[in-house]
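Examining the three-dimensional arrangement
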Amino acid sequence: MKSIIKTRDLVYEYYRRDEDGNVTSIDTAVDNVSLDVEPGQFISILGHNGSGKSTLAKHINALLIPTGGTVFVDGKDTSKPENELPVREEAGMVFQNPDNQIIASVVEEDVGFGPENIGVPTDEIWARVESALKSVGMWEYRKKSPNRLSGGQKQRVAIAGVMAMQPKCIVLDEPTAMLDPDGRAEVIETARELNKKKGVTIILITHYMEEVVFSDRVFVMDHGKIVMNGTPREIFSQVDTLHSYHLTVPQVTELAHNLRKAGMDIPEGVLTRDELSDQLISKDLLSKNVPAVQARPESATSEKTVDDAVLILDHVSVTYKDGGTETQALRDVSLQINKGDFIGIIGHTGSGKSTMIQTLNGLIQPTEGHIYFEGKDIGDDDFNKKHLRTQVGMVFQYPEHQLFETTVVEDVKFGPKNEGQDDKECELRAYEALKKVHFPDDSYDASPFELSGGQKRRAAIAGVIAMRPEVIILDEPTAGLDPAGRDEILGLIKEMHDKSGETVILVSHSMEDVAEYVDRIVVVDKGTIAYDDTPREVFTHVKELESMGLAVPSVTYLLHDLHNAGYPVDDHATTVEEAEKEILRCSKI
């Protein structure tokens, strides 16, 4: 069968230049890559940040032209100028942020933009728009403004816009990095449907290992080279090798690997919770005759008084007005945040969680209700808002966009300088903050824009820490990072919290991350607080969380399955470590 995508000895080099345009260094992003993708395959590409996977993807629809070697898309050499448009018609691309791809004010017009651009007749355009929107389940939203859609819905519109050009192949470059669990599932299911029902070749680039288990083939990249190539089972059977490339495996795969090392008769490369459950039950590896765990975990908010509070939301509502319409983002929210808390805030896209955290340092004013910081109403005319914003520090999603100075040290000094601290104090705080985030000493004077993704995050977080805030709010601080970078940043935040005792509020779309790191979870749904408790307690509400567009960690689902099958496992466990301990407690080995 003729390959739809074929690369031969593909090389791509980035040239760094000085102010005069002279080349100062050459970085090889893709290094002699040869691969073949057959029509109708579902291919996944994994790799840490900087491994070259996105650079490789951009060659598939001629956004980049090889420095060396060749790329063929449906037999067309992408380096030939006359093939640029035909290649882009054959291979569509969907990027990480749907807002960067959606340009029209009405959904159906946006989807029709691509076909119109390549000269498709008007009648044919509308037929394609209808077909594409129906294929991604968005036909009923055709007259809506994209601004009114959730993240997952926007991404489906972006996919429909590519589909309307009727490509043979779609490249999805981290399409779910900014989405909640429901949105992630929507997008991946849409891609699988297009692949199975319409025969569209899919190339998925992702940092979420669970998304690739149904792929036909997986390629792993490291330093511009393909270092692993196989079926998902073959790839995920090599847990330690993947770790060496700064990658992880799905939670249940990691759990199965650990149980196997502990002596249980389980194969490597288990991919789904159903598979692991089947292994444990069909091989009779668990006993039903062990004592059930009776103890219930203590509530996260028990025995706390108002004296423990650093921030209080008292019947807070926020209403946005847009022309003649009103949207209530928060509805009568009351919440106490205590000194030294490590809180995770979760909720589907549009639930109100971002509005809520921005009320905490006065970026958004409540329409009704009051917010108290250290006992004082932040809405009072004489309240010092500048002091509030130094004491309630905010690290936004993609915090590297907060970097702007010439050197890392200057950037970190900016906050204290803005507070009016003298230069000596600013310098002291900057070095103290950079040490806290384990920033490499030899890069203090580097330009922030020359750092890796993980280092940029550290520098941005250090800039907030340098103001010595009492509360640190982090809004999706690991979005777009590979698994190693994600664990690095979250581990760092946890270490800082444990050592210094700051109050930390982490907003995340990853149920596994909040389960692993926080002490208390606040679930926001439709502008109200649905749950406020320990991770173990919150994640017992499986059906309710699913109805809110959320999920529970994979291992928690597994333990629920085993518990429902009659095994006395504690289904409160939320991490791989807790699940392993619980299964071994009930095992027959």
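Up top you'll find the structure we're talking about.
In this report, we go over the structure that sits alongside the text. (Residues numbered from 1 in each chain as written. Predicted model: local features only at pLDDT ≥ 70, side-chain atom pairs only at ≥ 80, totals over all residues. Heavy atoms only, no water.)

Let's shift gears to the sheet that holds strand 14 (residues 368-373). In a beta sheet, neighbouring strands are held together by backbone hydrogen bonds and run either parallel or antiparallel to one another. One open sheet accounts for four strands, arranged 12-11-14-15; its pairing is antiparallel. Where the open sheet ends on each side, the last strands, each with one partner, are strand 12 (325-338) and strand 15 (376-377). Pairing of strand 11 (residues 309-322) with strand 12, which is carried by 10 bridges, proceeds in the antiparallel orientation. The residue bridging L313 from the neighbouring strand is L335, located in strand 12. (Pairing = 2+ DSSP bridges. Helix = DSSP H or I, 4+ residues; strand = E, 2+ residues; numbered from the N terminus.)

The residue E374 is not glycine, and still its phi comes out positive at about 50°. Among the secondary structure elements, E374 is positioned in the loop between strand 14 and strand 15. For E374, a relative accessible area of 41% corresponds to the partly exposed category. (Buried < 20%, exposed > 50% of the residue type's maximum accessible area, 1.4 Å probe, protein only.)

Take the nonpolar core next. Ranked by internal contacts, the top residues of the largest apolar core, which has 48 residues, are V523, F539 and L545. The leading source of residues in this core is helix 15 (residues 453-465), at six residues. Ignoring any residue separated from it by four or fewer positions in sequence, one finds F539 in contact with I346, M511, V514, A515, I521, L545, A551, V552, P553, T556, H560 and T574. With 30 residues, the next largest nonpolar core counts V111, A132, I170 and L204 among its residues. (Core = buried A, V, L, I, M, F, W, Y, C linked by side-chain atoms within 4.5 Å. Contact = heavy atoms within 4.5 Å.)

Position of L360 among the secondary structure elements: in the loop between helix 11 (353-359) and strand 14. Remark: the alpha-carbon pair of L360 and I371, spanning 11 residues in sequence, is separated by 7.3 Å. Excluding its chain neighbours within four sequence positions, the residues that come into contact with L360 are L311, L313, I337, L388, V392, I473 and I505.

A contiguous nonpolar surface patch, about 270 Å² in accessible area, is contributed by Y15, V23 and I26. Within the secondary structure, V23 sits in strand 2 (residues 23-37). (Patch = residues over 30% accessible without salt bridge, like charges linked within 9 Å, V, L, I, M, F, W, Y side chains within 5 Å. Areas by Shrake-Rupley, 256 points an atom, 1.4 Å probe, with all protein chains shown as cover. Salt bridge = Lys/Arg side-chain N within 4 Å of Asp/Glu carboxyl O.)

Right, let's talk about the packing of aromatic side chains for a bit. Taken as a whole and judged by the stated rule, the model has four aromatic pairs. Consider the rings of Y12 and Y14, whose centres lie 5.0 Å apart with planes at 80°: the pair is edge-to-face. Under the relative-accessibility criterion, Y14 is labelled partly exposed at 35%. Ring geometry for F439 versus Y444: centroids 6.1 Å apart, planes at 40°, classification tilted. (Phe/Tyr/Trp six-rings, centres within 6.5 Å; stacked < 30°, edge-to-face > 60°.)

Let us now look at the pattern of salt bridges. For side chains of opposite charge, pairing can occur when their charged atoms come near one another. With the rule as written, the count across this model stands at 40 salt bridges. The salt bridge partner of E275 is R233, with a shortest N-O separation of 2.5 Å. Taken as a pair, E275 in helix 10 (residues 273-282) and R233 in helix 7 (residues 232-236) lie far apart in primary sequence, 42 residues in all. A residue is classified by how much of its surface remains accessible, and R233, at 39% relative accessible area, is partly exposed. A salt bridge links R468 to E432, with the nearest nitrogen and oxygen atoms 3.2 Å apart. With R468 in the loop between helix 15 and strand 17 (471-475) and E432 in helix 14 (residues 423-436), this pair connects stretches of sequence that are 36 residues apart.

Turning to its location among the elements, R520 is positioned in strand 19 (residues 520-525). For R520, a relative accessible area of 3% translates into the label buried. Looking at R520, its side chain comes within polar contact range of the side chain of D341, at 2.7 Å. (Polar contact = N/O pair within 3.5 Å; in protein donor to acceptor, adjacent residues only side chain to side chain.)

The contact between helix 20 (residues 554-564) and helix 21 (residues 576-585) brings their axes to 9 Å, and the two run at 25°. If you check the angle between helix 20 and helix 21, you find them roughly parallel. You can see that helix 20 and helix 21 cross each other, and the crossing is left-handed. When helix 20 is examined against helix 21, the residues V555, L558, L559 and L562 are found in contact with a partner set consisting of V576, A579 and I583. Counted by class, the contact of helix 20 with helix 21 contains seven nonpolar, no polar and no charged residues. (Axes fitted to C-alpha atoms, helices over the stretch in contact; angles between N-to-C directions. Parallel < 35°, antiparallel > 145°, perpendicular 65-115°, else oblique. Left-handed = near helix turned anticlockwise from the far one by under 90°. Nonpolar A, V, L, I, M, F, W, Y, C, P; charged D, E, K, R; others polar.)

Turning next to the side chain of D341. Along the polypeptide, D341 turns up in the loop between strand 12 and strand 13 (342-346). Since its relative accessible area comes to 11%, D341 is described here as buried. Within the structure, D341 has its side chain in polar contact with the backbone nitrogen of N338 (distance 2.9 Å). Leaving out residues up to four positions away in the same chain, D341 has contacts with H497, E502, T503, V504 and R520.

Below, the discussion takes up the pairing of strand 8 (residues 201-205). Of all five residues making up strand 8, five are buried, and the element is well covered by its neighbours. By the alternation rule, side chains of strand 8 split into T201, I203 and I205 and I202 and L204, which are all buried. Pairing of strand 3 (residues 42-47) with strand 8 involves four bridges; the strand directions are parallel. Bridged to I45 within strand 8 is I205. Here strand 7 (residues 169-173) pairs with strand 8 via five bridges, running parallel. Counted as the bridge partner of V171 is I203 from strand 8. Remark: the strand 7/helix 6 (residues 181-198)/strand 8 crossover connection has right-handed handedness. (Right-handed = clockwise from strand over helix to strand, strands pointing away.)

Once that is clear, we can look at the sheet that holds strand 7. Read across the open sheet, the six strands follow the order 6-7-8-3-9-10; overall the sheet is mixed. Two strands bound the open sheet, and with one partner strand each, they are strand 6 (91-94) and strand 10 (225-230). Across the sheet, the mean angle from the axis of one strand to that of its neighbour is 20°, orientation sign disregarded. Lying over the sheet, helix 5 (residues 151-163) contacts strand 6 and strand 7, oriented at roughly 165° with respect to strand 6. Sitting on the sheet, helix 6 is in contact with strand 3, strand 7 and strand 8, with an inclination near 155° to strand 8.

Attention now goes to the pairing of strand 17. Counting buried positions along strand 17 yields five of five residues, so the element is predominantly enclosed. Neither face of strand 17 is open: one carries V471, I473 and D475, the other I472 and L474, and all of them are buried. The sheet contact formed by strand 16 (residues 392-395) and strand 17 spans four bridges and is parallel. Bridge assignment links V395 to a residue of strand 17, and that residue is L474.

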